[in-house]
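Descriptive analysis of the structure
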Protein chains: 2
Amino acid sequence: MNEATARPDFMERALEEARKATERGEVPVGAVVVREGAVLAAEGNRTRELADPSAHAEMLAIRRAAALLGTDRLSDCDLYVTLEPCTMCAGVIAWARLRRLYYGAADPKGGAVESGVRFFSAPTCHHVPEIYDGIRASEAATLLKSFFVTRR
Amino acid sequence: MNEATARPDFMERALEEARKATERGEVPVGAVVVREGAVLAAEGNRTRELADPSAHAEMLAIRRAAALLGTDRLSDCDLYVTLEPCTMCAGVIAWARLRRLYYGAADPKGGAVESGVRFFSAPTCHHVPEIYDGIRASEAATLLKSFFVTRR
């Protein structure tokens, strides 16, 4: 197995966080920061609960991992997230200098990796992680679809 | 005076936060969230102090304002920031639904409003504030230049 191959258990943990977000009435996205083969931080979306527009799963997981390590640079960490990161989260991934980004479903309406501003291809992006997409994408997408259907 | 005209005292307060950031050894950027003619939150960059890659001035000010108001939507608030927001911060400005964005110096290397990904012109941007740029830009730029000169 290539060192960079996605670990199914880490994406499963991210999906679990997404499911828990649904139960809280939050958009079901989950994220995990991994370091040296272990989960350092696992978070789901909490924008409403925390009254914080930045409280996306990946933002919370990155913040927590950075706080635990006592540094704003996570160069030896990888991020697993169930949905393609938005523009804000692509930005914090670059600032945090994450090594690898593994994500599930694409987000044509709000994503910023393969969609929208494609931030990691922009000249103003100062750090580009290795990127692996489409990991358990249909499960992540189904969670989101179910969430938005029940809220309409 | 047009309602949207920049209030000099609010940008002065943002510059004051930028100066205080310099004293803490942080990149000198300051930001203020204003609501109904009063400062709701004023913050400077604290990425190192907080070991938080997301702790830019505007991100901290938006988070604090949202916490104070108990909502993730700041539709009746304006943001003053000394430097053109980066991609991450342009993202959170859109998520927070801020009404107006007033900024100082342009940031061709890392900005995302008139530079880089120009997020507010992207189809994946769900909210565009009114934007006013160049406010006390030379003072904001001088603070940044001095900071980086002394660190080389």
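Residues numbered from 1 in each chain as written. Chains lettered and ligands numbered in written order. Predicted model: local features only at pLDDT ≥ 70, side-chain atom pairs only at ≥ 80, totals over all residues. Heavy atoms only, no water.

Per an unreviewed UniProt entry, chain A goes by tRNA-specific adenosine deaminase and derives from Ancylobacter defluvii. A UniProt comment under Catalytic activity (unreviewed entry) is attached to chain A, and it reads "adenosine(34) in tRNA + H2O + H(+) = inosine(34) in tRNA + NH4(+)". According to the UniProt record, the Sequence similarities (unreviewed entry) comment for chain A reads "Belongs to the cytidine and deoxycytidylate deaminase family. ADAT2 subfamily." (UniProt positions renumbered as here; feature names shortened; annotations may be inferred.)

What follows concerns the interface of chain B and chain A. The interface is formed by 32 residues belonging to chain B together with 32 residues belonging to chain A. For the pair chain B and chain A, the summed buried surface comes to about 2300 Å²; carbon and sulfur atoms form 72% of the total. Area buried by chain B at its contact with chain A is led by B:Pro53, B:Trp95 and B:Thr124, which between them contribute 25% of it. Counting the contacts that link chain B with chain A gives two salt bridges. Linking B:Arg63 and A:Asp52 is a salt bridge whose minimum nitrogen-to-oxygen distance equals 3.9 Å. Our count for the contact surface shared by chain B and chain A stands at four residue pairs in polar contact (both at pLDDT 80 or more). Those elements that place two or more of their residues in the side of chain B that touches chain A are helix H2 (57-69) and helix H3 (87-95) of chain B. Classifying every residue of the side of chain B that touches chain A gives 15 nonpolar, twelve polar and five charged. (Contact = heavy atoms within 4.5 Å. Buried area = accessible area lost by both parts, 1.4 Å probe. Salt bridge = Lys/Arg side-chain N within 4 Å of Asp/Glu carboxyl O. Polar contact = N/O pair within 3.5 Å; in protein donor to acceptor, adjacent residues only side chain to side chain. Helix = DSSP H or I, 4+ residues; strand = E, 2+ residues; numbered from the N terminus. Nonpolar A, V, L, I, M, F, W, Y, C, P; charged D, E, K, R; others polar.)

Turning our attention to the sheet that holds strand S1 (residues 30-35) of chain A. For sheets, the rule is that strands pair by backbone hydrogen bonds, running either parallel or antiparallel. Residue and element names in this part refer to chain A. Taken in spatial order, the five strands of this open sheet run S2-S1-S3-S4-S5, and their pairing is mixed. On the outer flanks of this sheet lie strand S2 (38-44) and strand S5 (130-132), each paired with one strand and no other. Neighbouring strand axes in the sheet, compared pairwise and without regard to direction, differ in orientation by 15 degrees on average. Against the sheet, helix H1 (residues 8-23) engages S1, S2, strand S3 (77-83) and strand S4 (100-105), with an angle of about 145 degrees to S1. (Pairing = 2+ DSSP bridges. Axes fitted to C-alpha atoms, helices over the stretch in contact; angles between N-to-C directions.)

This brings us to the side chain of A:Ser54. Topologically, A:Ser54 is positioned in the loop between S2 and helix H2 (57-69). Within the local environment of A:Ser54, its side chain forms a polar contact with the side chain of A:Asp52, the two groups lying 2.7 Å apart. Looking at A:Ser54, its side chain comes within polar contact range of the side chain of B:Arg63, at 3.4 Å. The contacts of A:Ser54, once residues within four sequence positions are left out, are A:Met59, A:Arg63, A:Met88, B:Met59, B:Arg63 and B:Val92.

A few words now on the packing of H1(A) against helix H4 (residues 137-150) of chain A. All names here are of chain A. Axis separation between H1 and H4 bottoms out at 11 Å; the angle between their running directions is 5 degrees. As summarised for this structure, H1 and H4 are arranged roughly parallel, according to the angle between their axes. In this structure, H1 contributes Leu-15, Ala-18, Arg-19 and Thr-22 to the contact, and H4 contributes Glu-139, Ala-140, Leu-143 and Phe-147. Considered class by class, the residues forming the contact of H1 with H4 number five nonpolar, one polar and two charged. (Parallel < 35°, antiparallel > 145°, perpendicular 65-115°, else oblique.)

Before going further, it helps to spend a moment on the UniProt feature "binding site: Zn(2+)" (unreviewed entry) in chain A. This chain's UniProt record puts "binding site: Zn(2+)" (unreviewed entry) on A:His56, A:Cys86 and A:Cys89. Maximum C-alpha separation among the annotated residues is 9.2 Å over a sequence range of 34 residues, consistent with a single clustered spot. Structurally, A:His56 is set in the loop between S2 and H2. A:His56 gets classed as buried once you look at its relative accessible area, which sits at 11%. For A:His56, the residues in contact, after removing those within four places along its chain, are A:Asn45, A:Thr47, A:Cys86, A:Met88, A:Cys89 and B:Trp95. Counting through the fold element by element, A:Cys86 comes out in the loop between S3 and helix H3 (87-95). Beyond its immediate stretch of four places on either side in the chain, A:Cys86 contacts A:His56, A:Glu58, A:Gly110, A:Gly111, A:Ala112 and B:Trp95. (Buried < 20%, exposed > 50% of the residue type's maximum accessible area, 1.4 Å probe, protein only.)

Applying the stated criterion to the full structure yields 32 salt bridges over all chains. B:Arg19 serves as the salt-bridge partner of B:Glu12, at 3.2 Å between the closest nitrogen and oxygen. For B:Glu12, a relative accessible area of 26% gives the class partly exposed. Under the relative-accessibility criterion, B:Arg19 is labelled partly exposed at 32%. Among the salt bridges present, the one from B:Glu130 reaches B:Arg100, with a minimum N-O distance of 3.0 Å. One end of the pair, B:Glu130, is in strand S5 (residues 130-132); the other, B:Arg100, is in strand S4 (residues 100-105), and 30 residues separate them in sequence. Bridged by salt links that share partners, the residues A:Arg24, A:Glu43, A:Arg46, A:Glu49 and A:Arg64 form one connected network.

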